[in-house]
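# Commentary on secondary and tertiary structure
For reference, the chains in residue letters:
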Amino acid sequence: MNLYRAALALIVAPSLLLAVSYAQTATPPQPSAHNAIVNGYQSQWWKEAVVYQVYPRSFKDSNGDGIGDLPGITSKLDYLQKLGVKVIWLSPHFDSPNADNGYDIRDYRKVMTEFGTMADFDALLAGIKQRHMRLIIDLVVNHSSDEHKWFVESRSSKDSPYRDYYIWRPGKPNPASPTGFDPPNNYPSFFSGSAWQYDPGTKEYYLHYFAVKQPDLNWDNPKVRAEVFDLMKFWLDKGVDGFRMDVIPLISKRAGLPDLTPEELKNVGKAYANGPHMQEYLQEMNRNVMAKYDVMTVGEALGISLQQTPSIVDDRRHELNMIFNFDAIRINREGRQWKSWTLPEFKAIYAEHASKLDVHSWDTVFLSNHDNPRLVSSFGDDSPAFRVASAKLLATMLLSLRGTPFIYQGDELGMTNYPFKAIGDFDDIEVKNAYKADVLTGKVSEQAYLANLRHMSRDNARTPMQWDGSSNGGFTTAPKAWLAVNPNYKEINAKEELADPDSIYNYYRRMIALRDHTPALIYGDYKDIDPQNKAIFPYTRVLGQEKYLVILNLSSDPVSYSLSGGLKARAIVISNLPTAEKDLSNLKLRAWEARVYKLE
Ligand code: NOJ
Ligand code: CA
């Protein structure tokens, strides 16, 4: 038990100083303290940064067509800089027919027409660098669009040189089926139905784990890997600082593509992930690409367990820097179904991460993104009485847990889930496909389906940013945005929050600044000091003599609370409600109260 462990060791590891090579076009800020070792961790800019995710379609529309775009993002860079985030993750901005809002890429080297031009991209990147921030982009290479020229070629003939860029198989003969075949195996798609699509041109099936318009690339083909490494370099040479890698654990498929067992069909993500060559391909990618630049990578680790995490992120393996593990964010669902959860279960996830990941495996912290409902609606209480306090509590938590924090756009304003009423209110292909597969076939009632979607739908997070109280929340001057703006934009918007020193936005700003200046909140040891408590989440972050206590009341009721163990508060560093209480043995915590104490 080494909680209050050795004083902060600032030992420079000389071999690490050599590994820095910047992209030509830009000079990003230097890594802090020359990659010192802090509390056993090798310090890195991406461990210290707070990342902010921009979903370009919904961030800011600059030209009145109802769709967010790159110049719109550029126009809001001061807003992001003021917030204090150091890295922006841009969801896909590439040319796409938008079957899955840009996660279906038609041309990896072209900007989506609705979002602007390459000159707009360059201006955005320059604006980010000028403000001492960095940009990571989305790498979506498990699949492309079916409109990508590789796929157009691939499907044109069995002899095409591009045939083997994708995964084609003959069907199983079945005279009773309209095509004369059944799919090659029982793989389901994440977006309903079979993962195989019959292509009448060559009378074979292609594999698509996601939509029919998202054929999976064949990573076993070295030409595909070379193409991917090339396109990565194209963007890195422009000065981009890394990638968020979409469903990256799915790139290597099982040999022979055998049917999934009934057990495996219960967790398809797990079955598809971690294929036999995944690690080999990630190491090859690292050698060919990442090792040549000072970049960060974060893999969307669908299907990867905490136990498997070090096998991808351990810094001695040279694969990825970090992954998104879904244990915490998905605590509120069983498959696609919303379910209740308890605080001890939730806290156990963070405790387990702290115990399973050692100094070589860096973690991420996030509870929202464009695939999940709104943070405050899912993990806080978005009722008028508690929305502000609970959003601030969640900020306190995300920015003081172990790992690089990822904030999703609008969470810094406390934006909420959308009051969806009918199926026509949704845009998401996942929703529409499941509606056809489950509701129109009578498997699920429309009412039950919609009730669940109100909690779970990805569209909750995709409604446009609420910039001010003008029509459409100032997101667009068009009469209608591509997806309706949440009607609460008159009360919840950036303009109001920037002007109010007590706003959620300004609380995020202070909390980000606190994290920035407090190495213990970044590199410190983590200990949950009351794992069984059903309402209170108290934990310490300790780095040598620097000791902090975070204490959170994750409930809508006041709680009297007493901390044992002789912890003594020296000062309150930040709190979401005014307080002067310093006696830790006798605390009166209000609903959703959050405090950070510096300890003796
Ligand atoms: C994960 C992305 O985050 C999601 O939005 C997308 O639908 C799938 N991958 C397919 O690319
Ligand atoms: Ca636009």
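Relevant structure appears above.
As a convention, each chain's residues are numbered from 1 in the sequence order in which they are written. Naming scheme: in the order in which they are written, chains are lettered from A and ligands are numbered from 1. Local features in this predicted model are restricted to residues whose pLDDT is 70 or higher, and side-chain atom pairs enter the listing and the counts only when it is 80 or higher, whereas totals over whole chains, interfaces and linings include all residues. Note that the side-chain values use all heavy atoms of the structure and ignore hydrogens as well as water.

This paragraph deals with the coordination of the calcium ion (ligand 2). Four donors placed tetrahedrally around a metal ideally meet at 109.5 degrees, and six donors placed octahedrally ideally meet at 90 or 180 degrees. Here the coordinating atoms are restricted to nitrogen, oxygen and sulfur within 2.8 Å of the metal centre, or 3.2 Å for Na, K and Ca, and because water is not among them the sites may look incomplete. Taken together, the protein donors to the calcium ion (ligand 2) comprise Asp61 (OD), Asn63 (OD1), Asp65 (OD), Ile67 (O) and Asp69 (OD), at separations of 2.3 Å. Any residue under 20% of the maximum accessible area for its type is buried, any over 50% is exposed, and the rest in between are partly exposed; the area is computed with a 1.4 Å probe on protein chains only. Using a relative accessible area of 2% as the deciding quantity, one classes Asp69 as buried.

Attention now moves to empty space enclosed by the protein. Empty space among the atoms can be located by rolling a probe the size of a water molecule over them. Grid spacing is 1 Å over the protein atoms alone, the probe is 1.4 Å, and a cavity is where that probe fits but cannot get out, while a pocket is an open set with protein on both sides within 12 Å along at least five of seven lines and lining residues have an atom within 4 Å of a point. Grid points are joined across faces, edges and corners, and a volume is the space filled by probe spheres set on the points. Overall, the coordinates contain seven cavities of 30 Å³ or more when judged by the stated rule. The space that makes up the largest cavity amounts to roughly 100 Å³. Residue lining of the largest cavity: Asn325, Ala328, Ile329, Ile349, Tyr350, His353, Asp363, Thr364, Val365, Phe366 and Arg402, and that is the complete set. Within the residue set of the lining of the largest cavity, elements represented by two or more residues are α12 (343–356) and β19 (364–365). For the lining of the largest cavity, the leading source of residues is α12, giving three residues. Each residue is assigned to one class: nonpolar for Ala, Val, Leu, Ile, Met, Phe, Trp, Tyr, Cys and Pro, charged for Asp, Glu, Lys and Arg, and polar for all the others, Gly among them. For the lining of the largest cavity, the class distribution of residues is six nonpolar, three polar and two charged. Helix and strand labels come from DSSP, where a helix needs a run of H or I of at least four residues and a strand needs a run of E of at least two; each type is numbered from the N terminus.

Only strands that DSSP links by at least two bridges are regarded as paired with each other. Overall, antiparallel pairing links the three strands, which are arranged β9-β13-β12 in an open sheet. Each having just a single partner strand, β9 (168–169) and β12 (196–199) make up the two edges of the open sheet.

Moving on: the packing of helix α15 (residues 429–439) against helix α16 (residues 446–456). Between two packed helices, both the angle of their axes relative to each other and the distance between the axes serve to describe the pair. Interaxial distance between α15 and α16 falls to 11 Å at its minimum, and their mutual angle equals 155°. Judged by the angle between their axes, α15 and α16 are roughly antiparallel. Once α15 is placed against α16, the crossing between them reads as right-handed. Between α15 and α16, the contacting residues are Glu430, Val431, Ala434, Tyr435 and Val439 on the first element and Glu446, Tyr449 and Leu453 on the second. Along the lines of polarity and charge, the residues of the contact of α15 with α16 split into six nonpolar, no polar and two charged. Note on method: axes are straight lines fitted to C-alpha atoms, helices fitted across the in-contact stretch only, with angles between N-to-C directions ranging 0 to 180 degrees. What sets the label is the angle itself: under 35 degrees gives roughly parallel, over 145 gives roughly antiparallel, 65 to 115 gives roughly perpendicular, and the rest give oblique. Crossing handedness: left-handed means the near helix sits turned counterclockwise from the far one by under a right angle, and right-handed means the same turn made clockwise. Residues count as neighbours in contact if any of their non-hydrogen atoms are within 4.5 Å of one another.

With that out of the way, let us pick up the site of ligand 1. Neighbouring residues are identified by heavy atoms, a residue being near a molecule or strand if any of them is within 4 Å of it. Near ligand 1, the surroundings consist of 14 residues, among which Asp100, His143, Asp246, His370 and Asp371 are the closest. One of the side-chain nitrogen or oxygen atoms of Asp100 is found 2.5 Å away from an oxygen atom of ligand 1. A distance of 2.7 Å separates an oxygen atom of ligand 1 from a polar side-chain atom of Asp246. Note that accessible areas follow from Shrake-Rupley with a 1.4 Å probe, and for residues the cover is restricted to the protein chains shown. A total of 290 Å² of accessible area belongs to ligand 1 in isolation, and the protein chains cover 97% of it. Its residues assigned to classes, the shell around ligand 1 shows four nonpolar, three polar and seven charged. By the criterion applied in these results, polar contacts are pairs of N or O atoms within 3.5 Å in which, for protein atoms, one can donate a hydrogen and the other can accept it, and in which residues neighboring in sequence qualify only through two side-chain atoms.

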